[in-house]
Amino acid sequence: MNAFAYHFSFDFRVGIRNKTLMLMNYLFPLGCYVMFGALLGSINPGFLQTIVPAMSVFAVLGGALLGMPDTLVSAREAGIFRSYKINGVPALSILAIPVLTSMLHALLATVVIALTAPALFHGTAPVNWAGFLLVFLVAAFACAGIGALIGVISSSTRMTVLFSQLVFLPSMILGGLMLPFSMLPPAMAKVALVLPTTYAMDAFAGLAMGQASGTHPWLSIAILAVGGLMAFGLSVYLFSWDSKNATRRGHPALAALAWLPYGVGLLLLLRG
Amino acid sequence: MNDAIIQVHDLRKTYGSLVAVDGISFEVQRGEIFGLLGPNGAGKTSTLESLEGLRRPDGGALRIAGIDPSRQSRQLRALIGVQLQASGLPDSFRVDEAMRFFCAYHGVPPRDDLIDRVGLSDKRAAQYHQLSGGQQRRLALALAVAHKPPVVFLDEPTAGLDVASRAMLHDLMRELQAGGTTILLATHDMAEASEMATRVAILLRGKIAATGTPMELTATGAGLTKISVRTEGECLAKPGTDFPAVRQTQRQEDYFIYFSTDVGPTVSALIAYINAQADPLVDLRVERPTLEDRFLEITTKGAAR
């Protein structure tokens, strides 16, 4: 087994062994899935048509935004990155492996959701599983890229919580998980269009669920893919080995560039 | 013959207006254990981290086996093993996983023998956070040498260790040295430096205040050598018994104690006098100033400037 594969396998096992990561990767999204399925399904039956993609995106957000960034900051603060640098672990591996493992954890949680939702809650299953997998992978990469970027730019674990919640909470409320995008007031719809989850839900609707609400799924896929690449690229560029996060190549404010594709999406869709 | 594997020439490292390392130069010969001593803030860690490639020097030239640490990091990794002061491993790492992980990145087979060698055989499945401080340090040393690097940097390797763990680490360091490994040892422990180091450099405010073998350093200090003598009779109590180079005399129970600036002439004169008095010698002990005495002398002088 080569070093990257061993590192990946170790990181994946830690995601199950570490109680916080186990909570964020599995217990939190699956617990919320059961709760939302039972509660929201009876209050708003329309939610059951999107329960599979919505809770999949929720699982992605849990691991990528609430689990991964804190792990990266804690490792840097504990001097683990310095130890890695001395032993030849490249920065690319330090960032790419948590991104990939968080995607894999979210995929496993998603499999549970997608297979049980129809039986447990009469939720609508995807009509195109290949499309579902494609959208899932691109959306998970976009969110995990943002998670890595938050982990890289945060000066402390406290800042990580702040940055993560700044993305997580609006994504939950406005990003199409709880309410359809079409029901949002115009001002809120503009805000929603700078959130990756809005594009993820649109792409799921158009490419996986066969729903009319997916109006521009391929544009959404493109925006998510470019957003993910920019977020991950910026996290590599801004990465700091230093335990105090004092030395890096650029200013942390450069992280805002990761929202450029979503800004372009906002402009395109408002004109359209 | 000069067989320097580590060459430091006019190294400078600053942090804003603070000059941490101020133009130091030294060489470490292949197979040496070189001790880097100094009070907190003297520049030891900055020097080590510059050599380890963790910090970029602001001036000077560094070479490890001809490699520039700040420019040739890939080649450097194979050449050096590093035990950081804070070990820096993920809490969830199991001992055997840590060995496999680092060996994988160094491209060498896992060294399970080293886990046994540092006394962690029964802790293979234990996670890092479950190990005691001493066990964590032993693991860190095993990981640092797993890829058989020719140069090893140890930063306070025995700080906080119990006697048995310390002895085990010292044995391992001697084994490494016997195998030709060069060790650069930063420590606060003067007894450790005295016992383990072939040569030492004492850093003070970013400069080298003294360098040499522990014996040379203690010999060049202003410290007095303590000579304790006991005879059967009382010949040394007679008035007018002056000996060369003696600065101070004391009596403690049956012993006469002389503090000398030059031990050779003092001891020779003492023995000649005792023999001349036909007073049988029972005990004679010579206690040279320790490295710690010399270190305190240098650092106190430096602080007073």
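In this text the structure is predicted, and so the values were computed from the model without any measurement. (Residues numbered from 1 in each chain as written. Chains lettered and ligands numbered in written order. Predicted model: local features only at pLDDT ≥ 70, side-chain atom pairs only at ≥ 80, totals over all residues.)

Right, let's get into the overall build of chain A. Secondary structure summary: chain A contains eleven helices and zero strands in total. Its helices and strands taken in sequence order, chain A reads α-α-α-α-α-α-α-α-α-α-α from the N to the C terminus. For 272 residues, the compact-globule estimate of 2.2 N^0.38 gives 19 Å, and chain A sits close to it at 18 Å. Considering only C-alpha atoms, chain A reaches an extent of 55 × 40 × 30 Å along its principal axes. The buried share of chain A, taken over its 272 residues, is 50%. Once local pairs closer than 6 in sequence are excluded, the contacts in chain A between residues at least 24 apart make up 76%. (Helix = DSSP H or I, 4+ residues; strand = E, 2+ residues; numbered from the N terminus. Rg over C-alpha atoms; globule rule 2.2 N^0.38 Å. Buried ≥ 20, exposed ≤ 12 C-beta atoms within 10 Å, placed from the backbone. Contact = placed C-beta atoms within 7 Å.)

Taken as a whole, chain B is organised into domain 1 (4–219) and domain 2 (224–288). Here domain 1 of chain B and domain 2 of chain B have C-alpha centroids that lie 44 Å from each other. (Domains from an automatic or database assignment.)

We now examine the packing of helix H3 (residues 51–77) of chain A against helix H9 (residues 196–207) of chain A. For any two helices packed against each other, one specifies the crossing angle of their axes together with the interaxial distance. Residues and elements named next belong to chain A. H9 packs onto H3 with a crossing angle of 145° between their chain directions and a minimal axis gap of 10 Å. The hand of the H3/H9 crossing is right-handed. Residues Pro53, Ala54 and Val57 of H3 touch H9, and the partners they reach there are Thr197, Ala200, Met201 and Phe204. In the contact of H3 with H9, the residues fall into six nonpolar, one polar and no charged. (Axes fitted to C-alpha atoms, helices over the stretch in contact; angles between N-to-C directions. Left-handed = near helix turned anticlockwise from the far one by under 90°. Nonpolar A, V, L, I, M, F, W, Y, C, P; charged D, E, K, R; others polar.)

To continue, consider the interface of chain B and chain A. Of the residues lining the interface, 17 residues belong to chain B; the matching set on chain A comes to 19 residues. For the side of chain B that touches chain A, the residue count by class is ten nonpolar, three polar and four charged.

Below, the discussion takes up the sheet that holds strand S2 (residues 18–29) of chain B. Residues and elements named next belong to chain B. The three strands lie next to each other as S2-S1-S4, forming an open sheet whose pairing is antiparallel. Edge strands, defined here as strands with exactly one partner in the open sheet, are S2 and strand S4 (59–64). Across the sheet, the mean angle separating the axes of adjacent strands is 15° when strand polarity is ignored. In terms of strand pairing, strand S1 (residues 4–15) meets S2 through nine bridges, oriented antiparallel. Note that in S2 the partner of Ala4 across the bridge is Gln29. Set on the sheet, helix H1 (residues 44–51) makes contact with S1, S2 and S4; between it and S1 the angle comes to about 120°. (Pairing = 2+ DSSP bridges.)

All right, on to the confidence of the model for chain B then. Residue and element names in this part refer to chain B. Confidence in the prediction of chain B, expressed as mean pLDDT, is 89, and 96% of residues score 70 or more. No element of chain B has a lower mean pLDDT than helix H10 (residues 291–304), which averages 72, and none a higher one than strand S7 (residues 182–186), which averages 95. Our summary of model confidence lists the complex with pTM equal to 0.82 and ipTM equal to 0.84. (pLDDT = per-residue confidence, 0-100.)

Our focus in this paragraph is the sheet that holds strand S11 (residues 246–252) of chain B. Residue and element names in this part refer to chain B. The strand order across the open sheet formed by four strands is S11-S12-S10-S13, and the pairing between neighbours is antiparallel. Both edges of this open sheet fall to S11 and strand S13 (281–287), since each of them pairs with a single strand only. Sheet twist, expressed as the average angle between the axes of neighbouring strands with direction ignored, equals 15°. Taken strand by strand, helix H9 (residues 263–276) contacts strand S10 (225–231), S11, strand S12 (255–260) and S13, and its axis lies near 10° from that of S10.

Side chains of a nonpolar character, in soluble globular proteins, are inclined to be buried together. One finds Val135 and Ala139 of chain A to be the most contacted residues of the largest nonpolar core, which totals 154 residues. When near neighbours in sequence (up to four residues on either side) are disregarded, Ala139 of chain A contacts Val57, Val60, Pro196, Ala200 and Leu224 of chain A. Counting residues in each nonpolar core, the second largest holds six residues, with Val229, Leu236, Tyr258 and Ile274 of chain B among its members. (Core = buried A, V, L, I, M, F, W, Y, C linked by C-beta atoms within 7 Å.)

Attention now goes to the pairing of strand S8 (residues 199–204) of chain B. All names here are of chain B. With five of its six residues buried, S8 lies for the most part within the structure. In this structure, S8 lies alongside strand S9 (residues 207–212), joined through five bridges in antiparallel fashion. Residue Val200 lies in a different strand from S9, and its bridge partner there is Gly212.

A separate point is the packing of H3 of chain A against helix H6 (residues 129–153) of chain A. Residue and element names in this part refer to chain A. Packing of H3 against H6 brings their axes to within 8 Å, and their N-to-C directions diverge by 25°. By the angle between their axes, H3 is roughly parallel relative to H6. Where H3 crosses over H6, the two elements pack in a sense that is right-handed. Seen from H3, the contacting residues are Ser56, Val57, Val60, Leu61, Ala64, Leu65, Met68, Pro69, Leu72 and Val73; seen from H6, they are Phe136, Ala139, Ala140, Cys143, Ala144, Ile146, Gly147, Ala148, Ile150, Gly151 and Val152. For the contact of H3 with H6, the class distribution of residues is 18 nonpolar, three polar and no charged. (Parallel < 35°, antiparallel > 145°, perpendicular 65-115°, else oblique.)

All names here are of chain A. Along the chain, Leu269 turns up in helix H11 (residues 260–271). For Leu269, a count of 19 C-beta atoms within 10 Å gives the class partly exposed. Through-space distance from the C-alpha of Leu269 to that of Met172 is 21 Å; in sequence the pair is 97 residues apart.

Residue and element names in this part refer to chain A. End to end, H3 covers 38 Å across 27 residues, agreeing with the expected 39 Å (1.5 Å per residue, within 8%). At Met68, H3 is deflected by roughly 35°, the largest bend along its length, and proline Pro69 occurs up to four residues later in sequence. For H3, a buried count of 25 out of 27 residues is recorded, marking the element as mostly surrounded by other parts of the structure. One or two residues past the end of H3 sits Gly79, with phi positive at roughly 80°. (Expected span 1.5 Å × (residues − 1). Bend = angle between axes of the 7 residues up to and from the residue.)

Residue and element names in this part refer to chain B. The topology assignment puts Leu161 in the loop between strand S6 (151–155) and helix H6 (163–178). Taking the C-alpha atoms as reference points, Leu161 and Arg137, 24 residues apart in sequence, are found 8.4 Å from one another. When sequence neighbours within four positions are dropped, the list of residues in contact with Leu161 reads Gly134, Arg137, Arg166 and Leu169.

Turning next to unusual backbone geometry. Residues and elements named next belong to chain B. Unusually for a residue other than glycine, Lys148 sits at a positive phi of about 55°. Take Lys148: it is sitting in the loop between helix H5 (133–145) and S6. With 14 C-beta atoms counted inside 10 Å, the residue Lys148 sits in the partly exposed group. In the Ramachandran plot, Ala245 falls in the positive-phi region, its phi being about 70° despite a non-glycine side chain. Structurally, Ala245 is set in the loop between S10 and S11.

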